[in-house]
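Observations on the model geometry
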Amino acid sequence: MRTDEPPQSDPYRDRPTNEYTSDRDRSYSGDIARLNGHELVAIDEWLPGTEPTPYEIDLTDGYEYRTRYWRCRKCGQERNHRDEFTTPCDNPQPPTALEAGGYSIDDPRTRRALNEKLDVRFATVGPIYEVRSESGNTYKVDIEATTCTCPDFEQRQPDDGCKHLRRVDLEIRTGLVPAPDGTFSR
């Protein structure tokens, strides 16, 4: 044995300790696929016994095996192969409050309606809401007539309304403030 050279490293000793775990202990990431409106998640499951095979002899000495099947997050259907999800999903996701209102996040007024500190108040049953803006001004929004007392709405009359009107509509759709009839949606 030579002392002038560094000792050979043991390839097993230099490996991180988590690589010594068995396949049984390894966590699988769970593949996700989208097909025909389904949001599919791969589920790996360990079953006792030997893996089914079309052959009469068993050459494995395993006492358990891994199997994979696919489940749709939306409708709960399960299939052995993801290609078996041929029909459209029965339970599609409902549209978001932005999609239901027809708003685009690319529109600057919608971005301001979401990002600025606006306090929406529902005082009495009816379509009138009060919105206090960051500047300290309070504006009256009529959700049914789609009007607002702010200068932006009075001067420009934007197609989808000003940021105050959009904010009231989004807060009604998400259930943060009640609808004009006094009920909450969700």
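Above this text is the structure in question.
Residues numbered from 1 in each chain as written. Predicted model: local features only at pLDDT ≥ 70, side-chain atom pairs only at ≥ 80, totals over all residues. Heavy atoms only, no water.

**Points about the overall build of the protein chain**
The cut-off we apply is this: For helices the rule is a DSSP run of H or I covering at least 4 residues; for strands it is a run of E covering at least 2, with both sets numbered from the N terminus onward. The buried label applies to any residue whose accessible area, calculated with a 1.4 Å probe on protein chains only, is under 20% of its type's maximum; exposed applies above 50%, and partly exposed to all values in between. It only takes one pair of heavy atoms within 4.5 Å for two residues to be counted as in contact. Accessible surface is estimated by sampling points in the Shrake-Rupley manner with a 1.4 Å probe; for residues, cover comes only from the protein chains shown.
Looking only at helices and strands, one finds four helices and eight strands in the protein chain. In sequence order, the secondary structure elements of the protein chain are arranged as β-β-β-β-α-α-β-β-β-β-α-α. Within the span of the protein chain, comprising 186 residues, buried residues form 28% of the whole. Contacts in the protein chain between residues far apart in sequence, at least 24 positions, make up 42% of those at least 6 positions apart. Accessible surface, the protein chain: about 13500 Å² in total, of which carbon and sulfur atoms supply 47%.

**Describing the packing of helix α2 (residues 108–115) against helix α4 (residues 163–174)**
For any two helices packed against each other, one specifies the crossing angle of their axes together with the interaxial distance. The condition is simple: Lines fitted to C-alpha atoms define the axes, with helix axes restricted to the stretch in contact, and inter-axis angles between N-to-C directions lie between 0 and 180 degrees. For classification, angles of less than 35 degrees are called roughly parallel, those exceeding 145 degrees roughly antiparallel, those between 65 and 115 degrees roughly perpendicular, and all remaining angles oblique. Helix crossings get a hand from a simple test, with the near helix turned counterclockwise from the far one by less than a right angle marking a left-handed crossing and a clockwise turn marking a right-handed one. The residue classification treats Ala, Val, Leu, Ile, Met, Phe, Trp, Tyr, Cys and Pro as nonpolar and Asp, Glu, Lys and Arg as charged. All others, Gly included, are polar.
In the contact formed by α2 and α4, the axes pass within 8 Å of each other and the chain directions differ by 60 degrees. With respect to α4, the axis of α2 lies oblique. As for how α2 packs across α4, the hand of that crossing is right-handed. Here R109, T110, R112, A113 and L114 of α2 lie close against α4, whose contacting residues are K163, R166, R167 and L170. Within the contact of α2 with α4, the residues separate by chemical class into three nonpolar, one polar and five charged.

**Let's talk about the sheet that holds strand β1 (residues 32–35)**
The test is simple: Strand pairing is defined by DSSP finding a minimum of two bridges between the two strands.
Pairing in this open sheet of four strands is antiparallel, and the strands run β1-β2-β3-β4 from one edge to the other. Sheet topology places β1 and β4 (78–79) at the edges, where each strand pairs with a single neighbour.

**Side note on the nonpolar core**
Going by this rule: Joining through side-chain atoms within 4.5 Å is the link that ties buried Ala, Val, Leu, Ile, Met, Phe, Trp, Tyr and Cys residues into a set, and such a set is a nonpolar core.
Among the nonpolar cores identified, the biggest contains 16 residues, and Y129, C148, V168 and I172 are the most heavily contacted of them. Among the nonpolar cores identified, the runner-up in size contains seven residues, and A33, W70, F85 and C89 belong to it.

**Regarding α4**
Helical periodicity: at 3.6 residues per turn, an α-helix aligns residues three or four positions apart in one direction. Inclusion rule: An expected span of 1.5 Å times one less than the residue number is assigned to each helix.
With 12 residues, α4 extends 16 Å between its outermost C-alpha atoms, agreeing within 8% with the 16 Å of an ideal straight helix rising 1.5 Å per residue. A large share of α4 lies buried, amounting to 10 of its 12 residues. Buried within α4 are the following residues: K163, H164, L165, R166, R167, V168, D169, L170, E171 and I172. Packed against the buried residues of α4 are α1 (97–101), α2, β5 (119–121), β6 (128–132), β7 (138–142) and β8 (147–148).

**Side note on the environment of N91**
By secondary structure assignment, the location of N91 is in the loop between β4 and α1. Judged by relative accessible area, N91 falls into the partly exposed class, the value being 42%. Spatially, the C-alpha atoms of N91 and G37 are 8.8 Å apart, while their sequence positions differ by 54 residues.

**Regarding the side chain of K163**
What counts, and what does not: Within 3.5 Å is the distance limit for a polar contact, defined as a pair of N or O atoms, with the added protein rule that one can donate a hydrogen and the other accept it, and that residues adjacent in sequence qualify only through two side-chain atoms.
Its place among the elements puts K163 in helix α4. For K163, a relative accessible area of 18% gives the class buried. Within the structure, the side chain of K163 is placed 2.5 Å from the side chain of E116, a separation counted as a polar contact. Setting aside residues no more than four positions away along its own chain, K163 makes contact with R109, R112, A113, E116 and L118.

**What about the pattern of salt bridges?**
Our working rule: Only one rule defines a salt bridge in this text: a Lys or Arg side-chain nitrogen within 4 Å of an Asp or Glu carboxyl oxygen.
Tallying each qualifying case throughout the model produces 13 salt bridges. Between D44 and R68 there is a salt bridge; the shortest N-O distance is 2.8 Å. In this pair, D44 is assigned in strand β2 (residues 38–48) and R68 in strand β3 (residues 64–72), connecting sequence segments 24 residues apart. A relative accessible area of 30% means that R68 is categorised as partly exposed.

It is worth stressing that arrangement in space is one thing and function is another; only the former is reported here.
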